[in-house]
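# Geometric and topological summary
Listed here are the chains, written in short residue letters.
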Amino acid sequence: MGPKRSCRGMDKIRKIIHIDMDAFYASVEQRDRPELKGKPVIVGGDPNGRGVVAACSYEARTFGIHSAMASSIAYKRCPHAIFLKPRFDTYKSVSADIREIFCEYTDLVEPLSLDEAFLDVTQNKKGMPSATRIAREILEKIYDKSRGLTASAGVSFNKFLAKIASDFNKPRGITVVTPDDAADFIDRLPIRKFFGVGKVTEGKMHTLGIKTGDDLKKIDKEKLINIFGKNGHYFYNIARGIDHRPVEPEWIRKSIGKETTFREDIDDKTQMLEILGQLSVKIENLLKIDGRKGTTITLKVKYFDFQCITRSVTVREPIVDADTIMRYIQALLDNTEAGMKKVRLLGVSVSNFIDASRTVKKYRQLPLPFSAEIRSDSLARSLIVED
Ligand SMILES: [Mg+2]
């Protein structure tokens, strides 16, 4: 970091844990209905409808089924699978139990979804020096408290590595990446495993001959920035194991968002703008209720083929009203293939709230003009919290 010393203690090696429940929704179903144990269980949309797989058991995965896949395709791959509607209330209550366990160790907990969270345990409430030990304890407590659900953990010195590590040895795995292991670990990592690399970016990387972390490291910074814009910086850094993003608890980082899935795909842009306008009004109301102003607007578009993209813009003037949101959303929409491609879902969210001093600081680090700020693909997506 050079002479610019961080005010958040980044000069110290951090201890970050990423916890991820194993096949969460499906495991809850198998727990509550023991007759489903050992069977391919798929939680999500109706296999005869347009829904998608929200989660599936490990038995279902052996048929090539994965989350976000259309339920109809999952059905074709495994007609004897058991399809269940999600029971979000149950999942939420398990999620709350798990969060309580996290908070026994630290208040720096950043949930990514109901079943996933980052924990910063550099300084923890129990004064435990070993993050690995903490991770092991947490997994045991989760198992006991949730009556048999399992989770995996990644332990490292930043979010990027912890997140990848938790996925490395699933289910019930703990993977530790120390500063000494990091270079080796990243060098061998297939590029699609990189946090923030979606299908589109993976394709781009492959055309550049980038297949592993080692390949990525060989590309110079300017070239990466030319190709990936602002994300180029991110890729340059993570190839070297550098990721200073702090673990941000919900009380610091939040977004307000709304989205709509259509009964039938649409390709009429006027209709899209109408719907986005309605979503923006809802967001304006929510912003008012919370007394918040945000500086980042994000448009989410899911195309007919389930490809999902986001476009974001960060602006100088905090946003409070639907008309302003729509002004930017319109420009963002023009920066997508919506209309040329049919669309099945549209979403709008506002984030980067200015009521916390650190958010303001973050905004100052991004003083780019509107057009240069538009960013795309899964990196943006992965950084956005949806409601
Ligand atoms: Mg999970």
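Residues numbered from 1 in each chain as written. Predicted model: local features only at pLDDT ≥ 70, side-chain atom pairs only at ≥ 80, totals over all residues.

## Examining the overall build of the protein
- In terms of regular secondary structure, the protein is built from 16 helices and twelve strands.
- By the burial criterion, 40% of the 387 residues in the protein qualify as buried.
- Partitioning the intrachain contacts of the protein with sequence separation of at least 6 by distance along the chain shows that 62% fall at a separation of at least 24. (Helix = DSSP H or I, 4+ residues; strand = E, 2+ residues; numbered from the N terminus. Buried ≥ 20, exposed ≤ 12 C-beta atoms within 10 Å, placed from the backbone. Contact = placed C-beta atoms within 7 Å.)

## Remarks on the sheet that holds strand 3 (residues 53-56)
- Taken together, the three strands give an open sheet; going across it, the order is 3-2-4, and neighbouring strands pair in mixed fashion. Every interior strand has two partners, whereas the edge strands, strand 3 and strand 4 (82-84), have only one. Neighbour-to-neighbour, the strand axes of this sheet turn through a mean angle of 25°, independent of strand direction.
- Sheet topology places strand 2 (residues 41-44) next to strand 3; three bridges connect them, and they run antiparallel. If you follow V43 over to strand 3, its bridge partner there is A55.
- Most of the contacts of helix 1 (residues 24-32) go to strand 2, to which it runs at about 120°, and overall it touches strand 2, strand 3 and strand 4. (Pairing = 2+ DSSP bridges. Axes fitted to C-alpha atoms, helices over the stretch in contact; angles between N-to-C directions.)

## Some points on the pairing of strand 7 (residues 151-156)
- Across the six residues of strand 7, six count as buried, placing the element largely inside the fold.
- The alternating pattern of strand 7 places A151, A153 and V155 and S152, G154 and S156 on opposite faces, both of which are buried.
- Relative to strand 7, strand 1 (residues 16-21) runs antiparallel, the two being bridged by six bridges. Within strand 7, the position partnered with I17 by the bridge is V155.
- Summarising the sheet, strand 7 and strand 8 (residues 174-176) pair through three bridges and their orientation is parallel. Looking at the pairing, A153 lines up with I174 of strand 8.
- At this point the chain moves from strand 7, through helix 6 (residues 159-166), to the parallel strand 8, and the crossover so formed is left-handed. (Right-handed = clockwise from strand over helix to strand, strands pointing away.)

## So, the nonpolar core
- Judged by nonpolar contacts, the single largest core of 66 residues is most densely connected at I17, I42, A55, C56 and L119.
- Built from parts of two domains, this core gets at least three residues from each of domain 1 (24-88) and domain 2 (181-238).
- Contacts of I42, omitting those with residues within four sequence positions, involve V53, C56, A60, I65, A74, A81, I82 and F83.
- L279, V313, L333 and V343 belong to the second largest nonpolar core, which has 24 residues in total. (Core = buried A, V, L, I, M, F, W, Y, C linked by C-beta atoms within 7 Å. Domains from an automatic or database assignment.)

## Details of the packing of helix 10 (residues 221-228) against helix 11 (residues 230-238)
- Where helix 10 contacts helix 11, the two axes come as close as 6 Å, and the packing angle between them is 140°. As far as their axial angle goes, helix 11 and helix 10 are oblique. The two elements helix 10 and helix 11 meet at a crossing, and its hand is right-handed. Within the contact between the two elements, helix 10 uses K221, L224, I225, I227 and F228 and helix 11 uses N231, G232, H233, F235 and Y236.
- Looking at the contact of helix 10 with helix 11 residue by residue, the class counts come to six nonpolar, three polar and one charged. (Parallel < 35°, antiparallel > 145°, perpendicular 65-115°, else oblique. Left-handed = near helix turned anticlockwise from the far one by under 90°. Nonpolar A, V, L, I, M, F, W, Y, C, P; charged D, E, K, R; others polar.)

## A look at the sheet that holds strand 10 (residues 294-303)
- Overall, antiparallel pairing links the four strands, which are arranged 9-12-10-11 in an open sheet. Two strands bound the open sheet, and with one partner strand each, they are strand 9 (255-266) and strand 11 (308-319). Strand-to-strand, the axes of this sheet are offset by a mean angle of 15°, without reference to chain direction.
- As defined by bridge partners, strand 10 adjoins strand 12 (residues 343-353) across nine bridges and the pair is classed as antiparallel.

## Section: the environment of I17
- Along the chain, I17 turns up in strand 1.
- Residue classification places I17 among the buried positions, given that 29 C-beta atoms sit within 10 Å.
- The sequence separation of I17 and I174 amounts to 157 residues, and the corresponding C-alpha distance is 9.9 Å.
- When residues no more than four places from it in sequence are discounted, the contact partners of I17 are L119, V121, A131, I134, A135, A153, V155 and A162.

## Here's the deal with helix 5 (residues 131-145)
- The end-to-end C-alpha distance of helix 5, which contains 15 residues, comes to 21 Å, matching closely the 21 Å that a straight helix rising 1.5 Å per residue would cover.
- In this structure, the buried side of helix 5 is in contact with strand 1, helix 4 (88-103), strand 7 and strand 8.
- Positive phi shows up at R147, right after helix 5, with a value of about 55°. (Expected span 1.5 Å × (residues − 1).)

## Some points on the confidence of the model for the protein
- Per-chain confidence: the protein averages 85 in pLDDT, with 87% of residues scoring 70 or above.
- Here residues 356-387 is modelled with pLDDT under 50, and outside its nearest four sequence neighbours on either side it reaches 60 contacts, counting other chains as well. (pLDDT = per-residue confidence, 0-100.)

## A look at the packing of helix 1 against helix 4
- At a closest axis distance of 10 Å, the pairing of helix 1 and helix 4 adopts a crossing angle of 100°. In terms of orientation, helix 1 and helix 4 fall into the roughly perpendicular class. Residue-level contacts link F24, Y25 and V28 of helix 1 to T90, Y91 and V94 of helix 4.

## Let's talk about unusual backbone geometry
- At the junction of K170 and P171, the peptide bond is cis and its omega measures out at -15° in the coordinates.
- Mapped onto the fold, P171 is located in the loop between helix 6 and strand 8.
- Its identity is not glycine, yet R147 carries a phi of approximately 55°, on the positive side.
- By the element assignment, R147 lies in the loop between helix 5 and strand 7.
- The phi angle at F306 is positive, at roughly 75°, despite the residue not being glycine.
- Mapping F306 onto the fold places it in the loop between strand 10 and strand 11.
- Residue class for F306 comes out partly exposed when judged on the 13 C-beta atoms lying within 10 Å of it.

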